[in-house]
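Secondary and tertiary structure notes
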Amino acid sequence: MTASSASSASAARCSADETDDSGLLAALLDGMDAALVAFAADGTVTHWNHEAERILGWTTTEAVGRTGLAGWAVRKEDADAIDAALAAAMRSPGRQVHEFALLTKDGHRVLVRTQSSAVRVPGGRVAGVYCAFSEVHTQMDLERSIALSEALFEDASWGVVLIDADLRPAVVNAHAARALGVGRTALLGRPLGELLAQGVEELECALQHVLAEGAPQAVADLWVTLRSEEAELPRRCWRSGFVRLSSPLAEEPVPLGVAWLFQDVTDAKRAETDGSLLRFRAHQLHRAGRAAAECPDPAEAAAVHLDFALAGFADHGLVDLAATPAPRPYGAVAEADAYDAYDTDVDDDAYDTAGEAAEASRGSEGAGAAGGAAPPSGAPEAGAAGADRGRRARRGTPRLVRTLASPAGSPGPSETLSATGIPTPYVPGHPAFQAYERRGSVRTSAGPASPAGWAAARNWPDGTVHGLCVVLRSRGRTLGVATFLRAPARRPFDRADADYAEEVASRIATALDLAGAASL
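Residues numbered from 1 in each chain as written. Predicted model: local features only at pLDDT ≥ 70, side-chain atom pairs only at ≥ 80, totals over all residues. Heavy atoms only, no water.

1. Re the overall build of the protein
This is how the line gets drawn: A run of DSSP states H or I qualifies as a helix once it reaches four residues; a run of E qualifies as a strand once it reaches two. Both are numbered from the N-terminal end. Note on classification: 1.4 Å probe, protein chains only; a residue is buried when its accessible area is under 20% of the maximum for its type, exposed when over 50%, partly exposed between these limits. Here, residues are in contact when the closest pair of their heavy atoms is within 4.5 Å. Note on areas: Shrake-Rupley, 1.4 Å probe, and residue coverage restricted to the protein chains presented here.
Summing up its helical and strand segments, the protein has 16 helices and 17 strands in all. Residues classed as buried in the protein amount to 37% of the 520 residues present. Contacts spanning at least 24 positions in sequence make up 55% of the contacts within the protein whose residues lie at least 6 apart. Within the structure as shown, the protein displays about 28700 Å² of accessible surface, and the carbon and sulfur contribution to it stands at 56%.

So, in structure tokens, the structure goes:
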């Protein structure tokens, strides 16, 4: 091969490489998301991509080869400022950012934000300048999106968790990390089941629905319980919203994950639930009073009060009355009941135990005195303690006789039982006896470790796991005990339930006292 042929081949390869480079450059320029225009050192337009054509309307053929932008892409009044900015970009290192008003092909002005930088050849000489630009409102939208994203993941008052397509946390903000009880980095990549003990199924179902169908139309309230090895944590209500995230760069929507935004509304939900419950119970008491007023028999009115109380409150209701002597004339109070009328807030066990302790203390002091005799001042106090013990001995354990009972099987109205006088076989220490002696309410529950015969041992219907015994008081007398029972599907009784039961018991006691049912 001669030297001339070799040089020809080398020139051909260089020409082919330049052609390939120019084609690659054209493809890169046309694929850019930003508009781009490049100028030679004398101000001639050398490059004009498709995005610039879309924004301004001038095609590449119409733009390339023109000198400057004045008169066709820029008004003559603005041309000097733009030429000066481009000349400054050619002399300065780095990029220069400006905002210009350009002209579209149909004569409209459009405000753009530009980034200009000099183009230098390998020797360092300035060969021209390029200017990348986009519409200002588009750039501002992008900046707002970035600022919003940073704010949400830094100091937002809502919890924000970015869940990937595998349903694992990818990004967590500070509020969500505090709500979940772990650090922000410790959450990343962990399954949701390791974070939540309850409610994880509902959350994962919602996330899968959003990935498949899109964001739901409204927020959802999810009740969850955090997983903890130390102690069982209370349930929390998180008001949650979901947004599906898709890649803006893909031609077809490809889900990147789900943005889960939530806020703890447990206190508000509980206050709302308590308010609804109070309104319902007040309405039930009102309805019960109206219905009981139409009953000619006061005993039937007591059964009506019991039936209305069971709705949404308990599964079973029992009323046991104490067997007492025949009723005395109105206004007369028996001797034992007189103590009840004046000592309504005294716990008998605590009262008598305190009296015995005081007497023992006085006896030991008397034994230490000269002659072993008790001081004269201790005599009346010892007599008072003996009277207390005598009063309790006279009272004894009550004989409670079943008077009203709700059906244990199928639902129906409460039944008034015949007055047989046979006491209910309650064992000593039964909650009904405790409520009778304390003149208050007693709550009890079987607990997870209680035997299967817990209800049978207390002579309650099968399946009972929660009980509430409330004393029946009327005209300063203790008439008996009302018992409310719940099955495992209901929660244990709380203080608010006891207050409601006491209100119902006072109405039942008034009706039974009016009926004379206390005398069996």
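Read on for the rest.
2. Thoughts on the packing of aromatic side chains
Centre-to-centre distance and the angle between the planes together describe a pair of aromatic rings. Stated formally: Paired rings are identified among Phe, Tyr and Trp, the last through its six-membered ring, by centres lying within 6.5 Å, and are further divided according to the angle between planes into stacked (under 30 degrees), edge-to-face (over 60) and tilted (the rest).
Applying the stated criterion to the full structure yields 10 aromatic pairs. Summarising the aromatic geometry, the rings of F313 and F484 are spaced 5.4 Å apart at their centres and angled 75 degrees between planes, so their arrangement reads as edge-to-face. Linking F313 in the loop between α10 (298-310) and β12 (316-322) with F484 in strand β17 (residues 477-486), this pair joins segments that are 171 residues apart in sequence. For the residue pair F313 and F484, the accessibility class agrees, reading buried in each case.

3. Structural notes on the packing of α10 against helix α16 (residues 495-515)
Helix packing for two helices is described by the angle between their axes and how far apart those axes are. Formally: To get an axis, a line is fitted to the C-alpha atoms, and for a helix only the part in contact is used. The angle between two axes follows their N-to-C directions and goes from 0 to 180 degrees. Reported orientations rely on four angle classes, namely roughly parallel under 35 degrees, roughly antiparallel over 145, roughly perpendicular from 65 to 115, and oblique for the rest. Helix crossings are classified by the rotation of the near helix relative to the far one: an anticlockwise turn of less than a right angle makes the crossing left-handed, while a clockwise turn makes it right-handed. Amino acids outside the nonpolar list (Ala, Val, Leu, Ile, Met, Phe, Trp, Tyr, Cys, Pro) and the charged list (Asp, Glu, Lys, Arg) are all regarded as polar, and Gly is one of them.
Contact geometry for α10 and α16: axes closest at 7 Å, N-to-C directions at 165 degrees. Comparing the axis directions of α10 and α16 gives the class roughly antiparallel. Handedness of the crossing formed by α10 with α16: left-handed. Along the contact surface, α10 presents P298, A299, A301, A302, H305, L306, F308 and A309, while α16 presents Y500, V504, R507, I508, A511, L512, L514 and A515. Residues of the contact of α10 with α16, tallied by class, amount to 14 nonpolar, 1 polar and 1 charged.

4. A short note on empty space enclosed by the protein
The following threshold applies: Site definitions follow a grid-based scheme: protein atoms alone, a 1 Å grid, a 1.4 Å probe that fits but cannot get out for cavities, and for pockets an open set with protein on both sides within 12 Å along at least five of seven lines, plus lining residues having an atom within 4 Å of a point. Grid points are joined across faces, edges and corners, and a volume is the space filled by probe spheres set on the points.
Counted under the stated rule, the structure contains 3 cavities of 30 Å³ or more. What the largest cavity holds in volume is close to 60 Å³. Lining the largest cavity, in full, are V37, F39, L69, I82, L86, F100, L102, V112, T114, C131 and F133. The set of elements that each furnish at least two residues to the lining of the largest cavity consists of β1 (35-40), α4 (76-91), β3 (96-103), β4 (109-120) and β5 (126-135). A class-by-class count of the residues in the lining of the largest cavity yields 10 nonpolar, 1 polar and no charged.

5. Here's the deal with the packing of helix α9 (residues 266-293) against α10
Look at α9 against α10: their axes get within 9 Å of each other, and the N-to-C directions meet at 160 degrees. In terms of orientation, α9 and α10 fall into the roughly antiparallel class. As α9 runs across α10, the sense of the crossing is right-handed. Between α9 and α10, the residues in contact are Q284, R287, A288, G289, A291 and A292 and A301, V304, H305 and F308, respectively.

6. Section: the pairing of β4
Note the cut-off: A strand pair is defined by DSSP finding two or more bridges across the two strands.
For β3 and β4, the ladder comprises 8 bridges, and the chain directions are antiparallel. Within the sheet, the bridge partner assigned to L102 lies in β4 and is V110. Remark: 5 residues form the turn of the hairpin made by β3 and β4, two consecutive strands paired antiparallel; G107 in that turn has positive phi of roughly 95 degrees. Where β4 hands over to β5, the hairpin turn is made up of 5 residues, of which G124 adopts a positive phi near 95 degrees.

7. Some words on the layout of surface pockets
By volume, the second largest pocket is sized at about 550 Å³. Taken together, 17 residues make up the lining of the second largest pocket; nearest its centre are L142, S145, I146, S246 and P248. Here the element with the most residues in the lining of the second largest pocket is helix α5 (residues 136-152); it accounts for 5 residues. When the residues that make up the lining of the second largest pocket are grouped by side-chain class, the tally is 13 nonpolar, 3 polar and 1 charged.

8. Digging into the pairing of β12
Within β12, 7 of the 7 residues are buried, leaving the element largely enclosed by the surrounding structure. The pairing of β12 with β17 spans 6 bridges and is classified as antiparallel. Its bridge partner lying in β17, L318 is registered against T483. Relative to strand β13 (residues 400-405), β12 is paired through 5 bridges, and the arrangement is antiparallel. When the sheet's bridge partners are listed, L321 is paired in β13 with V401.

9. Focus: helix α14 (residues 431-438)
Taken residue by residue, α14 has P431, A432, F433, A435 and Y436 as its buried positions. Looking at the buried residues of α14, the elements they touch are β12, β13, β15 (441-445), β16 (466-474) and β17. In the segment just after α14, R439 is the residue with positive phi, at about 55 degrees.

10. Digging into the confidence of the model for the protein
What counts, and what does not: Summary of the metric used: pLDDT quantifies the predictor's per-residue confidence within the range 0 to 100.
Predicted confidence across the protein gives a mean pLDDT of 79, with 78% of residues reaching 70 or more. Per-element confidence in the protein is highest for β16, whose mean pLDDT is 95, and lowest for helix α12 (residues 348-368), whose mean pLDDT is 33. For residues 334-394, every residue scores under 50 in pLDDT, and the model assigns this stretch 43 contacts once sequence neighbours within four places are set aside.

11. Quick word on the pattern of salt bridges
So the rule is basically this: In what follows, salt bridge is the name for a side-chain nitrogen of Lys or Arg lying within 4 Å of a carboxyl oxygen of Asp or Glu.
By the definition in use, this model includes 23 salt bridges. The salt bridge partner of R109 is D78, with a shortest N-O separation of 3.2 Å. Separated by 31 residues along the polypeptide, R109 in strand β4 and D78 in helix α4 bring together distant segments of the chain. With a closest N to O distance of 2.9 Å, D499 and R495 form a salt bridge. Of this pair, D499 and R495 both sit in helix α16, 4 residues apart, which is roughly one turn of the helix.

12. Examining unusual backbone geometry
In this structure, R439 takes a positive phi of about 55 degrees despite not being glycine. Here R439 is to be found in the loop between α14 and β15. On the basis of relative accessible area, R439 is assigned to the buried category, the value being 11%. A positive phi angle is found at R475, which is not glycine, with a value near 50 degrees.

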